[in-house]
2 protein chains.
Amino acid sequence: MKLLLMYTLLVGILFGADPLPSWNDGPSKKAIIDFVEKVTKDGSADFVKAENRVAVFDNDGTLWSEQPLYFQAFFAMDRLKAMATDHPEWKETEPYASLMKGDVKAAAEAGKEKVLKALMDSHGGTSQEEFDKLAREWLKTAKHPKTGKLFTEMVFQPMLELLEYLRANGFKTYIVSGGGIEFIRAFAQEVYGIPPEQVVGTVGDLKYEVKDGKPMLVRSGKAVFIDDGPGKPVGIQRFIGKRPIMAFGNSDGDFQMLEWTTSGEGPRFAGIVHHTDEEREWKYDRDSHIGKLDRGLTEGPQRKWTIIDMKTEWSRIYPE
Amino acid sequence: MKLLLMYTLLVGILFGADPLPSWNDGPSKKAIIDFVEKVTKDGSADFVKAENRVAVFDNDGTLWSEQPLYFQAFFAMDRLKAMATDHPEWKETEPYASLMKGDVKAAAEAGKEKVLKALMDSHGGTSQEEFDKLAREWLKTAKHPKTGKLFTEMVFQPMLELLEYLRANGFKTYIVSGGGIEFIRAFAQEVYGIPPEQVVGTVGDLKYEVKDGKPMLVRSGKAVFIDDGPGKPVGIQRFIGKRPIMAFGNSDGDFQMLEWTTSGEGPRFAGIVHHTDEEREWKYDRDSHIGKLDRGLTEGPQRKWTIIDMKTEWSRIYPE
Ligand SMILES: [Ca+2]
Ligand SMILES: [Ca+2]
């Protein structure tokens, strides 16, 4: 997040301005503010000590857009193109050839296994340090095919405000994403104000090697832990070691995280970002390939989870 | 760490008292203080921003004693005894029978594989929540066979002071241990002032299960990541996502962590706790089964690592 924006939000919060200016008055905004006031009010029956104010956020579709493809997939395809000089055979091999053309449909015909293998290839073969540099460089220039914006400009302004509001109230904010942990770390601090140690994600294999006296961590690209679905509560326990009291997601891949968060003792909050705005963003839920939200939409309300209607509840989608 | 002790140390530090009262004046104390003053002095060429002041500590033999056996092994043996009612066959089966008698030598004859399997059994078969309770209860009552102290009373007073001193200077302190992450989390906050999210360790398999509507994380006992030797830099990258500027260990299992820490740009510090005091603690290094320190003792000085001589440099070993 740009420092100035963060500072403006923080000053606003401290001086009693509306902490969530891009949220319209409505059920979600009210539920969030009621919850935060309740758990931070000293002496209240619902008071939660600062060290237990843990809030977890899914990333794709929750903090930034995810259509027509997870943004990391665009990065992967661009990486394959850049790596192709060392792999002339890819031009003739599926799914590589189609992925390099950006034709995901055709690539999919090679089968899930092979697509996964290609994605792993796109994320391997470098040191962790180089990978971080590549991801940062890509994020600085790559544009979204439909909006023409930088991907990091397609973060949700209302969620940036929410992150800031929670931190101003003593919460520690974490990302818990199915995306690659190191890809997210390449922008989370700057864009979300979330430091590397508060990013939980899918973890790639790393190997410690010393070459000519210089140690490095080498990436094979292979995933050793998938932080999705039932993996999310596992990732939370593994990295954070505490059960969150607040969780936000947008798809059924977040179901277990929201369930786990809301099953603990004391006050609990779960929010689902429902993509209902085909004008300003995208409209999808039960039948979507990306970010499918079916069980959560059915069971969420019964479980007293807050369904956030993007179209009616957010006055702005992206930062200006 | 007891709150009062922490508070006393903190007040002492703020008011310019000796921040490391249990360290004798000598090379190690001087090196530590020089380093901390250098990296925290605004405008100094060696200044390091607070967000990069990451210090990592091995646990066994670095923050607490580890002889005649890693303390977690005593816990494992006590767990096996408690579980034996459900496993009558263990009385007749090695290494279980010997482990339950505390006869590690005899148990070892069953071979490394089988001993590992038994240790895993001792740490599995419960939910994570139950395991945490079991570990906390055990730590409250179990006594060390030689000193008769609680294991948590066998932490090193000079290291408690060092942790507090670093935190007072804007460092984030982490444990990076080969021991089980959840076993350490059961006492790290109270004893070391280190919260669960700053503990990196060997990670056990967890499975998310919903039983009668109640979600839980179930432990199989199987280790999925070994945080030792070359695994330590991997664990650091995975959990913290930053290279530390300061690292402390005591054995060759810490070599790569110290090497990784000291290979980055800018000011770097590595310290090795050398067990030289057979009177007040134990004396061991190159030939020890537990906490073997050979390569580190040879190469450490050439690499400008600080070797801490427990016998001459620490005026106190344990808290009173
Ligand atoms: Ca999502
Ligand atoms: Ca050790």
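Looking at an unreviewed UniProt entry, one finds chain A named phosphoserine phosphatase, with Rubritalea halochordaticola as its source organism. As its UniProt record puts it under Pathway (unreviewed entry), chain A is described as follows: "Amino-acid biosynthesis; L-serine biosynthesis; L-serine from 3-phospho-D-glycerate: step 3/3."

Draft legend 1. Main features of the coordination of the calcium ion (ligand 2). Residues and elements named next belong to chain B. Donor atoms from the polypeptide that coordinate the calcium ion (ligand 2) comprise Asp58 (OD), Asp60 (O) and Asn250 (OD1), at 2.2 to 2.4 Å from the metal. All donors of the calcium ion (ligand 2) come from a single chain, and their spacing in sequence reads D-x1-D-x189-N. With Asp58 in the loop between strand E1 (54-57) and helix H3 (71-83) and Asn250 in the loop between strand E5 (246-249) and helix H11 (255-262), the pair connects residues that are 192 residues apart, well separated along the chain. We classify Asp58 as buried; its relative accessible area is 6%.

Draft legend 2. The arrangement of the interface of chain A and chain B in detail. Taken residue by residue, the interface counts 34 residues in chain A and 34 residues in chain B. Together, the buried faces of chain A and chain B total about 2800 Å²; carbon and sulfur atoms form 57% of this surface. It is A:Glu197, A:Tyr208 and A:Arg238 that lose the most area in chain A upon contact with chain B, and together they represent 25% of the buried surface on that side. Counting the contacts that link chain A with chain B gives six salt bridges. Of the charged contacts, one joins B:Lys172 and A:Glu197 as a salt bridge, the two residues approaching to 2.9 Å between their closest N and O atoms. Inspection of the region where chain A meets chain B yields 16 residue pairs in polar contact (both at pLDDT 80 or more).

Draft legend 3. Layout of the sheet that holds strand E2 (residues 172-180) of chain B. All names here are of chain B. Read across the sheet, seven strands follow the order E4-E3-E2-E1-E5-E6-E7 without closing on themselves; strand pairing throughout is mixed. Each end of this open sheet is capped by a strand with a single partner; those strands are strand E4 (214-225) and strand E7 (306-309). Shown here is a sheet whose adjacent strand axes are inclined to one another by a mean of 30°, direction ignored. Each of E1, E2, E5 and strand E6 (269-274) is contacted by helix H8 (residues 157-168), which is oriented at about 165° to E1, the strand it contacts most.

Draft legend 4. Representation of the relation of the copies chain A and chain B in the model. Relative to chain B, chain A is turned by 180° and slid 0.0 Å along the rotation axis, the superposed coordinates differing by an RMSD of 0.0 Å. When the rotation and shift are considered jointly, the pair of chain copies conforms to a two-fold rotation axis. The C-alpha atom lying nearest the rotation axis in chain A is that of A:Phe239; the distance is 3.2 Å. Taken as a fraction of all interface residues of chain A, those also at the interface in chain B reach 100%, which identifies the copy contact as same-surface.

Parameters and conventions
- Residues numbered from 1 in each chain as written.
- Chains lettered and ligands numbered in written order.
- Predicted model: local features only at pLDDT ≥ 70, side-chain atom pairs only at ≥ 80, totals over all residues.
- Heavy atoms only, no water.
- UniProt positions renumbered as here; feature names shortened; annotations may be inferred.
- Donors = N, O, S within 2.8 Å, 3.2 Å for Na, K, Ca; no water.
- Helix = DSSP H or I, 4+ residues; strand = E, 2+ residues; numbered from the N terminus.
- Buried < 20%, exposed > 50% of the residue type's maximum accessible area, 1.4 Å probe, protein only.
- Contact = heavy atoms within 4.5 Å.
- Buried area = accessible area lost by both parts, 1.4 Å probe.
- Salt bridge = Lys/Arg side-chain N within 4 Å of Asp/Glu carboxyl O.
- Polar contact = N/O pair within 3.5 Å; in protein donor to acceptor, adjacent residues only side chain to side chain.
- Pairing = 2+ DSSP bridges.
- Axes fitted to C-alpha atoms, helices over the stretch in contact; angles between N-to-C directions.
- Least-squares fit on C-alpha atoms with pLDDT ≥ 70 in both.

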